[in-house]
Amino acid sequence: MSLAEEAPVIDPVSGEESQPVTEDEHLLGESSPSPVEDLGGDEPLSPSDSKEAQQTGGEEEKEEGEKLDTAEDSRTDEPREDENQGKVDFGQGDEDLGEKSPSSEDKIAEEVNRAGKGVLPRQTDAVSNGQQPCEDVGQADHSQLYTASPRTLFEEEPPASRTHPLTLEWAFGINKHLPVYSLRDDDRRVILFGCAHVAVMFDHTSNSQHILQGHCSPISCLCVSEDRRWVATADKGQESLVIIWDSYSGIPVQTLFDCHPGGGVVAMSLTKDSKYLVTIGAEAIQRVCIWDWTNEVEGPVCITELSPEYGLQNYVIFNPNDSSQIISNSGNQVLFYSWDKGQLEYTAPPLTDKSFKKVVGSFSQSIFHSGGSLAFTATSAGNLVLWDTVRMPAPLRPHNKTATKLIFLQKDGITVLTVTDSFIVTGDTRGHVKFYDEELKLMTWYSHFSLEPVRSISFSKEPPSPAKHTTGYPADCTLQAKQFAVRNFVISTTNATVMHITAEGSGLEMLVQEHCEAVHAVACHPALPLVSMASYCGILKVWDYQRKKCICSRIFEKEKQIQCMVYDPQGFYLAVGFASGSVYVLDALTLDNECAEPFRYAREGITHIAFSRDSQYLATADAGFTVTVFKLCSDSGKQVWKYLGRHRSHYQPIQDLMFGLHLDSGQPRLLSLGMDRVLVEYDLNSKEDDLKLLSKDRIEQSAVPKCMAWYPPLTKENFILTVNDQYKMKLFNCTTKMCRKTLLGPTYGSPVEKVAVLSVSSARDPSAGYLAYITKDKVGLQILPVDGNPHRTSALICHPTGVSSFACSFDSRYIFTAGGSDCTVLAWEANLNALEAAASLGGQDLTPFYDLLEGGRDGEFFRELEDYFYYCQLRNQGIDSMETRQVSTSIPLADIPFVMRALGLYPSEQEVEDMLNEVKFSRYVDTGKYLTDIDLGEFIKLYVNHRPAFGISRSELQHAFEVLGYKTETGEKAVNRGELLQLLQARGEHMTEEELAEYLSTLLGLNPEGGRSELQSFPSTGSSSLLENALPEDITLDTFQTNVLGFPIFTPEPALSDEEQTRQEAFSS
């Protein structure tokens, strides 16, 4: 039993000296001053705003009426005292701060402007100088920031209206690499932690979350003000952001754009009075910036660059007694800074194992001693480095420090070093927390919790109650064993666990326990509000996503890396696939094994798993390109799963696996889709250990298929929907496997990776449905039927580092995305009405497709297309005819490829066939007749859906030369002329020698533009010698691009220096 478990009586330990509460702060609902950005703004209140403000006035304002009137009357527009004394102009105006979200930049700026009129940071100065802050009382009544209290967000905030197609509802998971902060610890326990690209304020008491959304990249840093009013979040990305939030209302009050464009922010901290923020970037040459975020100041107030020899500085903190002093450290170097009047200086005192002839260890965290000039740095060897200011005859430089002592504190490495009241606190690799006084005497420790290494310690802002004979604080380490009164605190560990420790009684409470390794598997129950998620640490959890409660879990000890899982359609079984190749079939509710032993037929990891619709078959696909099938059989009156067979049906990774039904018999059918562009169907009536194939169909030429799904029965014809890496969706007849439609899919930066049809239909249109999908980093919704209209789809970032899988709830109300490496599952609430509303704003009929043409409906491209339609009609009526021309709005199907090529789209023969079949059979199921012509509107849709989503890029040509070419003496990739001509004739769609000669001669300008007339034949004699003279022996990418295709030469622009960029921006302005 540790000393921390004993509880004799001691004298109370006083907390930090608190600031006096002024009348205006009393109206703010807090006991300490808090900053808000001062951006000015003078907007009068509307009559409705004034009326609402009067109705929301509290009883306290009425009781203080006379005092407030006096304060208002005494206000002036000028500063009352000198600015050096901390008094500045607070502005005036009675503005109302409305509701807003981080995605609405205009509203954010407007409301921050309004809130900034109070200039709460300057109140901090006034209070610290013993003066009463000057504030516009009318504005405080009307501002959410001024009226918000610690209870506002979780106890008083009304539920937000859902105005977006997808809204983040809940975050399952935690970023174990970020610290966790205690925001409230009175009657409610509220903590702050990072999760993917959002920060989460979690109220454990009410089991509710408020999610701070605004970043597009993973959050890399978190910090909070001393009074817990202000929260700062930062990310790592090309366009890194720092956002400061009001934790009482959840409103973002300041955003710092591109503060570290070279890689984002790696460390940051707020001053004790919250007026200044220091950030350290993750650039190759790190920059340290100090921001006056409470004022309208462009850029940092001071900045300095660090030498790479100091290592990656990943921890920084202000001196709480002197905000002009800063300390930061990397694993091997501690830096001390001093800043004043826009100048930021630093020193790097040396310290090695030779300095004290002891092993120092790598540095973890640093703090300033409450005494003033001293500082401490903890190390992985259990040491504490004592730094002191170098006393020199010259003027004293506080940041000029040197290591004076190396103090051995403990055997275990120290991972956390912090201060509470007058005590120094450490957390170590064994999960122990120890308290020392200012002389580094051990006061008490907590070692009986059996925790993993400590990642962070955050103490409550509420001071501890005095120690009495009735209290149960732990005993200190003195001979008297007095009670050690300390604040409650929150511990986070490296295994994604967050614990709350109640100091009085040493009570331990679990707040968060999530996955600490990658989460790739997520599945939803087909009939109950349950979602299962599993990770590489072998933990499988089942959550009730309506009550936000974990109802059961299981830890797999032998095989940990869970790769995928799925429920059967009846909700009886949960099949789990592991990276080792094992397959477990579990009871869906108890998670007990249904089979005595797991199936271990696969040698590679399981990548896909699926049940048949009648729950009689189970199929898996593994990384060895093999499909394995199991069948539910009756054995001695019991239903048991037995192995049916396996087949290596692909030669590249399998992209998707799904069961369906035969239209004639209603029997299950199984299909797989691979990167080899082959769609394979299996014979489920095969004998045991002899799985046979029914068909293999190549469904793509150049594109790589990504996924597939059964298209809902919106038409009389049944389709298989596939999505490829060229942003196209294709519909194949489920019987003949003929490509019936090619459509433009969502184009949100990366191709669609997986799709799922939602089980709801449109209330407005019974023939419409909805599709959920994920891309590389986004989740989205698509209105069905798919037609290529970009306004009928919507997506947003869900996991910036990549989304690995997703699942939809049985009622299609929620979509759950698994973030893989970010160890997070996010729950998104779908609002299909908002999706429909957004689609209607894009226009009806052909309007959205006109907008996809260059220049739109009134552009030159559209007029050119009309001319081609007329030319086709002239051609079909006879070029030499003198009869009156019959003009119409349609052309024969046979002319489609010619018009496409005239518009710059050069489809292959297979693509031409797909286009013709798409139009020809478009109404066959309904009317039983073929179409023989196409009108202008349908042609525009056909063109938009079939053309490359982003045109032809140089990267595609470059990839072809990388694959086919060889390196020349200059290091370029080249293709031999003879080999290229042979490849063009023999590979892909074959060309005759005459066709190849004609096409290349025309491209090289050896024939009149346009080549031969369609009524003539091409004279191919002598073309070989012409091509040899026109084409070099070694054809490089630039030669092929400029001489053959006629594309402009690609010359990458050199990156501009900062000075040149500034000069260019100044010139343009």
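Residues numbered from 1 in each chain as written. Predicted model: local features only at pLDDT ≥ 70, side-chain atom pairs only at ≥ 80, totals over all residues. Heavy atoms only, no water.

**A word on the confidence of the model for the protein**
Piece 1. A residue-level look at the protein finds 81% of positions with pLDDT of 70 or above and a mean pLDDT of 83.
Piece 2. Long-range and interchain partners of residues 1-142, a stretch whose pLDDT sits below 50, account for 278 contacts in this model, where long-range means more than four residues apart.
Piece 3. Here residues 1053-1069 is a poorly scored stretch, pLDDT under 50, and it has two contacts once near neighbours within four places are set aside; other chains count. (pLDDT = per-residue confidence, 0-100. Contact = heavy atoms within 4.5 Å.)

**Regarding the pattern of salt bridges**
Piece 1. What the rule picks out here adds up to 30 salt bridges.
Piece 2. Salt-bridge contacts for Arg646 lead to Asp622; the nearest nitrogen and oxygen are separated by 3.8 Å. Remark: Asp622 occurs in strand 38 (residues 617-622) and Arg646 occurs in strand 40 (residues 638-647); sequence separation between them is 24 residues.
Piece 3. By relative accessible area, which is 28% here, Arg646 ends up partly exposed.
Piece 4. Ionic pairing is found between Lys692 and Asp690, a salt bridge with its closest N-O pair at 3.3 Å.
Piece 5. The partly exposed category is assigned to Lys692, whose relative accessible area is 43%.
Piece 6. Salt bridges sharing common partners tie together Arg151, Arg184, Asp186 and Asp187. (Salt bridge = Lys/Arg side-chain N within 4 Å of Asp/Glu carboxyl O. Helix = DSSP H or I, 4+ residues; strand = E, 2+ residues; numbered from the N terminus. Buried < 20%, exposed > 50% of the residue type's maximum accessible area, 1.4 Å probe, protein only.)

**Quick look at empty space enclosed by the protein**
Piece 1. Throughout the structure, instances matching the rule amount to six cavities of 30 Å³ or more.
Piece 2. Looking at the largest cavity, the residues that line it are Pro150, Leu153, Phe154, Leu183, Arg184, Val190, Met201, Arg228, Ser247, Tyr248 and Lys461.
Piece 3. When residues of the lining of the largest cavity are traced back to their parent elements, those giving at least two are helix 9 (152-156) and strand 2 (181-185).
Piece 4. In the lining of the largest cavity, the residues fall into seven nonpolar, one polar and three charged. (1 Å grid on protein atoms, 1.4 Å probe; cavity = no way out; pocket = protein on both sides within 12 Å on 5 of 7 lines; lining within 4 Å. Points joined across faces, edges and corners; volume = space filled by probe spheres on them. Nonpolar A, V, L, I, M, F, W, Y, C, P; charged D, E, K, R; others polar.)

**Observations regarding helix 12 (residues 860-877)**
Piece 1. Over its 18 residues, helix 12 extends 26 Å from the first C-alpha to the last, a length consistent with the 26 Å expected when each residue adds 1.5 Å.
Piece 2. Of all the positions in helix 12, only Phe861, Phe862, Leu865, Tyr868, Phe869, Cys872 and Gln873 are classed as buried. End-on, the buried residues of helix 12 take up no more than an arc of 140°, which puts them together on one face.
Piece 3. Against the buried residues of helix 12 lie helix 11 (847-851), strand 56 (890-892), helix 13 (896-902), strand 57 (933-935) and helix 16 (936-946). (Expected span 1.5 Å × (residues − 1). Arc of directions from axis to C-beta.)

**Structural notes on the sheet that holds strand 24 (residues 433-436)**
Piece 1. The strand order across the open sheet built from four strands is 22-23-24-25, with neighbouring strands paired in antiparallel fashion. The sheet is open, and its two borders are formed by strand 22 (414-420) and strand 25 (442-446), each paired with just one other strand. Strand-to-strand, the axes of this sheet are offset by a mean angle of 20°, without reference to chain direction.
Piece 2. In this structure, strand 23 (residues 423-428) lies alongside strand 24, joined through four bridges in antiparallel fashion. Residue Thr426 lies in a different strand from strand 24, and its bridge partner there is Lys434. (Pairing = 2+ DSSP bridges. Axes fitted to C-alpha atoms, helices over the stretch in contact; angles between N-to-C directions.)

**Quick look at the sheet that holds strand 45 (residues 705-710)**
Piece 1. Taken in spatial order, the four strands make up an open sheet running 45-46-47-48, and their pairing is antiparallel. Every other strand in the sheet has two partners, leaving strand 45 and strand 48 (739-744) as the edge strands with one partner each. Sheet twist, expressed as the mean angle between neighbouring strand axes with direction ignored, is 20°.
Piece 2. Alignment of strand 47 (residues 728-733) against strand 48, held across five bridges, turns out to be antiparallel.

**Topic: the nonpolar core**
Piece 1. Formed by 52 residues in total, the largest nonpolar core has its most connected members in Ile191, Phe193, Leu781, Ile815 and Phe816.
Piece 2. Core analysis: the second largest hydrophobic core is formed by 36 residues, Leu183, Trp245, Leu256 and Leu277 among them. (Core = buried A, V, L, I, M, F, W, Y, C linked by side-chain atoms within 4.5 Å.)

**With respect to a nonpolar patch on the surface**
Piece 1. Together, Tyr870, Tyr871, Leu874 and Val887 line one region of the surface with nonpolar side chains, adding up to about 410 Å² of accessible area.
Piece 2. Note that Val887 resides in the loop between helix 12 and strand 56. (Patch = residues over 30% accessible without salt bridge, like charges linked within 9 Å, V, L, I, M, F, W, Y side chains within 5 Å. Areas by Shrake-Rupley, 256 points an atom, 1.4 Å probe, with all protein chains shown as cover.)

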